[in-house]
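# A closer look at the structure
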Amino acid sequence: MKPVVAIYSTFLQRAYDQLIHDVALQNLPVVFALDRAGIVGADGPTHCGAFDLAYLRCIPNMAVMAPADENECRQLLSTAFAHDGPAAVRYPRGSGPGGEFKRTLDTLPFGKGEIRRRSQAVAGQRIAILAFGSPLYAALTAAEQIDASVANMRFVKPIDEALLLELARTHDALVTIEEGCIMGGAGGACLEALAAHGLELPTLQLGLPDVFIEHGDPARLLALNGLDAEGIVRSIRGRFPQGRSVRVAA
């Protein structure tokens, strides 16, 4: 039998030793369904799921998935259950963006993301946004304003290196975005992969800062931390002013 552990992101922190020694070390096929991953708002800093991407992706044998909406959450839970090893699927508190919902238990290609928008730019900077999980739709809205490409990465571990390298080699700059701590998170996984392949290019990491997120309305907290569409546009324009020349160094 395959256990499925449904638990708050912050509560799993309290079982970190068991997670490593009783599951990952033995490479057991346990699924962790992590609720309240990211900003939770009403429950304050004790329940804010800011750290799971960072504390999970450093554990050997662990797969880490971040669905962007309700349907993808269902698909990635099915993918995690089919995986022969420990896997975590993290999803936020509240309702999703809606859209088509398939009632079948379809899986997705393991370790693979997808391109959701391609920049139409033929001159000037070409920017690619790599979205992990729920920030995807804010990233798509922002991309319309700055004509950026957008990738729905889905997997934090294993990272989709083929997709990452394709975007790095065809764009002038990369932007990673996650609803989790920047330190040790998904953006860091991208930088590690680029460094391993000897690629250098300007990169902006968006996520939660190195502070505890206080009580508040979730939408307002996302905006205050620059994770809404307006904040994403503002950060990208601030980091990559129009007309600035940036190039990839192989």
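For the structure itself, look to the data block above.
Reading the values: rules and limits
- Residues numbered from 1 in each chain as written.
- Predicted model: local features only at pLDDT ≥ 70, side-chain atom pairs only at ≥ 80, totals over all residues.
- Heavy atoms only, no water.
- Buried < 20%, exposed > 50% of the residue type's maximum accessible area, 1.4 Å probe, protein only.
- Helix = DSSP H or I, 4+ residues; strand = E, 2+ residues; numbered from the N terminus.
- Arc of directions from axis to C-beta.
- Contact = heavy atoms within 4.5 Å.
- 1 Å grid on protein atoms, 1.4 Å probe; cavity = no way out; pocket = protein on both sides within 12 Å on 5 of 7 lines; lining within 4 Å.
- Points joined across faces, edges and corners; volume = space filled by probe spheres on them.
- Nonpolar A, V, L, I, M, F, W, Y, C, P; charged D, E, K, R; others polar.
- Pairing = 2+ DSSP bridges.
- Axes fitted to C-alpha atoms, helices over the stretch in contact; angles between N-to-C directions.
- Parallel < 35°, antiparallel > 145°, perpendicular 65-115°, else oblique.

Further remarks concern helix α2 (residues 16-24). For α2, every residue scored as buried is listed here: Leu19, Val23 and Ala24. Buried residues in α2, looked at end-on, bunch into an arc of 70°, giving them a common side. Packed against the buried residues of α2 are α1 (9-12), β2 (31-35) and α3 (52-57).

With the rule as written, the count across this model stands at one cavity of 30 Å³ or more. Taken together, Pro45, Cys48, Ala50, Phe51, Val211, Phe212 and Ile213 make up the full set of residues lining the largest cavity. Of the residues that constitute the lining of the largest cavity, the class distribution is seven nonpolar, no polar and no charged.

Where strands meet in a sheet, backbone hydrogen bonds hold them as pairs that are either parallel or antiparallel. Strand order in the open sheet formed by five strands is β5-β7-β6-β9-β10, and the pairing between neighbours is mixed. Of all strands in the sheet, those with a lone pairing partner are β5 (114-117) and β10 (203-208), marking the two edges. Neighbour-to-neighbour, the strand axes of the sheet open up by a mean angle of 25°, direction not taken into account. By the bridge criterion, three bridges tie β5 to strand β7 (residues 149-152) in an arrangement that is antiparallel.

On to the packing of helix α6 (residues 161-170) against helix α7 (residues 186-196), then. Axis angle and axis distance: for two packed helices, these are the angle between their axes and the distance between the axes, and together they describe the pair. At a minimum axis separation of 10 Å, α6 and α7 run at an interaxial angle of 75°. Regarding the angle of α6 to α7, the classification is roughly perpendicular. Residues Glu161, Leu164, Leu165 and Ala168 of α6 touch α7, and the partners they reach there are Cys190, Ala193 and Leu194. Here the contact of α6 with α7 is built from residues that sort into six nonpolar, no polar and one charged.

As a further point, take the sheet that holds strand β3 (residues 63-65). On the basis of which strands lie adjacent, the open sheet formed by five strands has the order β1-β2-β4-β3-β8 and mixed pairing. Both edges of this open sheet fall to β1 (4-8) and β8 (155-157), since each of them pairs with a single strand only. Averaged over all adjacent pairs, the angle separating strand axes in this sheet is 20°, with direction ignored. By the bridge criterion, three bridges tie β3 to strand β4 (residues 87-90) in an arrangement that is parallel. Residue pairing in the sheet places Met65 in a bridge with Val89 of β4.

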